[in-house]
Amino acid sequence: MDTSTLRQLANIVGEEDLLTSPEDLICYSYDASQPTSDQLPSAVVNADSTEEVAAVLRLANRRRFTVVPRGSGTNLSGGTIPVQGAVVLNLGRMNQILEIDADNLTATVEPGVITDQLQAAVRAHGLLYPPDPASSSVSTIGGNVAENAGGLRGLRYGVTGDYVLGLEVVLATGEVMATGGKCFKDVAGYDLTSLFIGSEGTLGVVTKITVKLIPLPQATRSLLALYCQLEDAARSVSGIIAAHLVPATLEILDGATIRYVEDYQGLGLPLDLGAALLVEVDGREANLDQEASEIAAICRRMGANDVQVASSEGEAVALREARKAALPALARVRPTTILEDVTVPRSQLPSMVNRVRDIAQRHDVLIAVFGHAGDGNLHPTCMTDERDKVEMVRVEAALSEIFVAALELGGTITGEHGVGLKKRPFLPQAVGQPRLEAMVKIKNLLDPQGILNPGKIFEESRAT
Amino acid sequence: MIASRVSDLVATCTRCGYCLPTCPTYLSLETERATPRGRIALIRALIEGRLDLSENLAQQVYQCLGCELCTLTCPGGVNIAEILSEAKRILASAEFLPPALDRLRSQIRQSGNIAGEPGRNRLLWGQDYGEMLQEMAGAKGADVLLFMGCVPSLFPMAYPLLRSVAEIMLKTEIDFTILGESEICCGYPLLAAGLSMDEQIERNVAAIAATGATKLVTACPSCFHAFKVHYPEMGVEVWHSSEFLAQILAERAPALRPYPKAVTYHDPCDLGRKSGIYEAPRQVLKAIPDLQLLEMVANREKAFCCGGGGNLESIDPELSHSIADRRLDQALATGAEVIASACQQCERTLLMAARRARAKIRVMDVAQLVAEAVADMGLSHSGKSYPTPPNKEIVGY
């Protein structure tokens, strides 16, 4: 990047907030996606205000450099890898909770607010911000919006996008636009809020977010059901839903995951299990025992060989342990952990898990599956070593087949991690040509010079 | 150049970022190079030949407090502490040691202690005991060796800690000895800088063995951790003073005066997370009548560093202070009137933070609290009486 552009960037954000040392560039060359695909940015700028963001984007248009907006860099899709020497626009310092409006049940925040910090702040008002991505202790609300992050509570409460009422967005051209506000109903024209949710930093930079909140559920009950047969666990999920019970959390671990968890934590789980379900119901205290026992009865009827219902918070913590230990257990098996993300219609869960198992065996790679059974969102997790190039060829082949299998079962290639770089090759097959073309047209219209997060979601857009 | 084990460790970081909110330097500096994830990325780039050794790199690596909260939290179980230790070793051997640590190295080499003072100053803390300490030094036959440590014996602000421990031992008639003016540094500050502590180990092992003591007690968690983890088996039991006090209180049940104040306990990293001692200091506090023990949200293995970890305070005082300020806020949030700890370094950094904030909270060692509580007991040691040293509290108003 030429020195005069760097000087202008420094004029916008201040000398101290323009980072160009080799060490800083390395530290903003990656995100949490695996295998690693680091690319050095040409510079990093820390933005402190909407005005600074707008000025950086205007300069980018004038000087023709590309910009990658970034929060905490926890995304798993390669979404914040600065390809082509882009400038990283770090929004982590715009981290103020601007307002918690307990009368209107809304909160307005800057994009760099950490998800857990928002959760804790609204909890103090007896309120809940439900989206709970696993990385909530690190991830930012801006990043959650950009990726439309989900989480464990998706079945009952939905995902990030279901809670966004309005955004302040700096468009690629540097203009500032507000979409929506505190109104729970707003059909004044196109739903532009939704357009930016999950847009992965390719259409604009979100600089303010208004989310809706709900009353904090009074209490929670937890159950753990263990199955010899995966199919019985899947039938339990269907049975629970069919009984019009909507747990907050309905998580599944496959047999392989359970064995790795047992190796790691020694929780005393049988090693011949086909699956385990962690179910959590929440709501009014008075209803919960009844709901929990109905769910336990369904699980037993569907073939669970053991159902444990926690009668205290201490027991609940113990029941959650297996699910909580899933990722740490798998991450310890091999150096590289590729956490994949596919979604299928709920009824196809057992087929999907079985196909993953077959694919892993055929390609001789280690893959275990856990995920959000309630909403059909599974995380096939591949344990490998990215330094072993021969094995990585097999891994890539296996993962490709998993995405194709999800599509064949009526599912999709990503439920909550986004497309970014990693899923880009599979998008055309997932969405079809007309939908892809519509996306490219929107991109070209809002970002005519292609400066925002180029190469993410689809190939360099103007070439299409 | 870099041990292949470290290359393997570096490769296990999946960059999930779960370490970020655990890292005190990141919370203060809010930039990726001040995160465990960022430091590992830099070391990986070094291994892969994409980055050269430089002062810039040294700054990032030596900023690490070595508090190890990241290592505890990492979902993949990556031994981040070992990666950082190895990086420091490489930087130090290539002479990219920060100037403050270079000075520290010379001082320890030349004078045997981190203060760079002559050994004869080692016993100034106990001047009020007259010649007792000099007579005691090197005496054979005592069961217990009190290893004084550089900071408690050479930095006046920490004297009350050592005086309190000695006082309680005297009052409860524990037969103990000290190495006296010939005591040298345990070597841990060198190890934390990426340097060798072999010479210190060799000399200390010999000196400790010569006393014939079966128990080594030290009030310094860093010395304690070094003896426990980094020294070879010495044939002596290594006790931290808080453990020793807990034992004394349990076995001898001395009458204790009430201390009707709300106290929060700060877990020192070297004592807690790195050595597994969480309960002994709490048992000591709970033994004091009317003392109300309040826990900070981040307690025991999740405790947040005081900012005094590693050698940060000598390299980057401003950063160290901002970390201490954060921990002070956590302590103040409990409503406690006193922060008790079991480490002279934590006590100093928290005391200075309290002073900066003009916060109305005292900072004391658990040993000081006990020494105050047992103040009414009779004075005797091997039949001799001795003057009671002024046991001033460290007060952080």
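What counts, and where the lines are drawn
- Residues numbered from 1 in each chain as written.
- Chains lettered and ligands numbered in written order.
- Predicted model: local features only at pLDDT ≥ 70, side-chain atom pairs only at ≥ 80, totals over all residues.
- Heavy atoms only, no water.
- Salt bridge = Lys/Arg side-chain N within 4 Å of Asp/Glu carboxyl O.
- Helix = DSSP H or I, 4+ residues; strand = E, 2+ residues; numbered from the N terminus.
- Buried < 20%, exposed > 50% of the residue type's maximum accessible area, 1.4 Å probe, protein only.
- Contact = heavy atoms within 4.5 Å.
- Buried area = accessible area lost by both parts, 1.4 Å probe.
- Polar contact = N/O pair within 3.5 Å; in protein donor to acceptor, adjacent residues only side chain to side chain.
- Nonpolar A, V, L, I, M, F, W, Y, C, P; charged D, E, K, R; others polar.
- Pairing = 2+ DSSP bridges.
- Axes fitted to C-alpha atoms, helices over the stretch in contact; angles between N-to-C directions.

Engineer: Lay out the pattern of salt bridges in plain terms, naming residues and giving numbers.
Structural biologist: A full pass over the atoms with the stated rule returns 45 salt bridges over all chains. Between A:Glu386 and B:Arg44 there is a salt bridge, and its shortest N-O distance comes to 2.5 Å. You can see A:Glu386 sitting in the loop between β19 (377-384) and α14 (389-408) and its partner B:Arg44 sitting in helix α3 (residues 36-47), one on each of two chains. The residues A:Glu386 and B:Arg44 share a single accessibility class, namely buried. The residue B:Asp8 makes a salt bridge to A:Arg387 at a minimum N-O spacing of 3.1 Å. Of this pair, B:Asp8 sits in helix α1 (residues 4-11) while A:Arg387 sits in the loop between β19 and α14, placing the two residues on different chains. Look at A:Arg387 and you get partly exposed, because its relative accessible area is 39%. Taken together, the shared-partner salt bridges in this structure form one network comprising B:Asp267, B:Glu279, B:Arg282, B:Glu295 and B:Arg300.

Engineer: Any chance you could break down the interface of chain B and chain A for me, citing the residues and the numbers?
Structural biologist: With 32 residues of chain B at the contact, the number on the chain A side is 31 residues. Counting the surface chain B buries against chain A, the share from its top three residues, B:Thr14, B:Arg15 and B:Tyr18, is 22%. Where chain B packs against chain A, one counts six salt bridges. At the surface where chain B touches chain A, the tally comes to 18 residue pairs in polar contact (both at pLDDT 80 or more). Sorting the residues of the side of chain B that touches chain A by element identifies α1, α3 and α4 (55-63) of chain B as the ones contributing at least two each. In the side of chain B that touches chain A, the residues fall into 14 nonpolar, 10 polar and eight charged.

Engineer: Residue-level account of the sheet that holds strand β7 (residues 338-341) of chain B, with values.
Structural biologist: All names here are of chain B. Sheet architecture is open: four strands sit in the order β6-β5-β7-β8, paired in parallel fashion. The two strands at the open ends of the sheet, each matched to only one other strand, are β6 (292-294) and β8 (362-365). Direction aside, neighbouring strands of the sheet carry axes that sit 35° apart on average. Inspection of the sheet shows strand β5 (residues 262-265) paired to β6 by three bridges, in the parallel sense. Residue pairing for β6: threonine 264 is matched across the bridge by leucine 294. Contacting β7 and β8, helix α18 (residues 344-356) runs over the sheet at an angle of about 175° to β8. Against the sheet, helix α19 (residues 366-373) contacts β5, β7 and β8, and its axis sits at roughly 85° relative to β8.

Engineer: How would you sum up the side chain of A:His379? Please name residues and give values.
Structural biologist: Residues and elements named next belong to chain A. Here histidine 379 is to be found in strand β19. Residue class for histidine 379 comes out buried when judged on its relative accessible area of 4%. Engagement of the side chain of histidine 379 in a polar contact is seen with the backbone oxygen of glutamate 340, the distance being 2.9 Å. Within the local environment of histidine 379, its side chain forms a polar contact with the side chain of glutamate 416, the two groups lying 2.8 Å apart.

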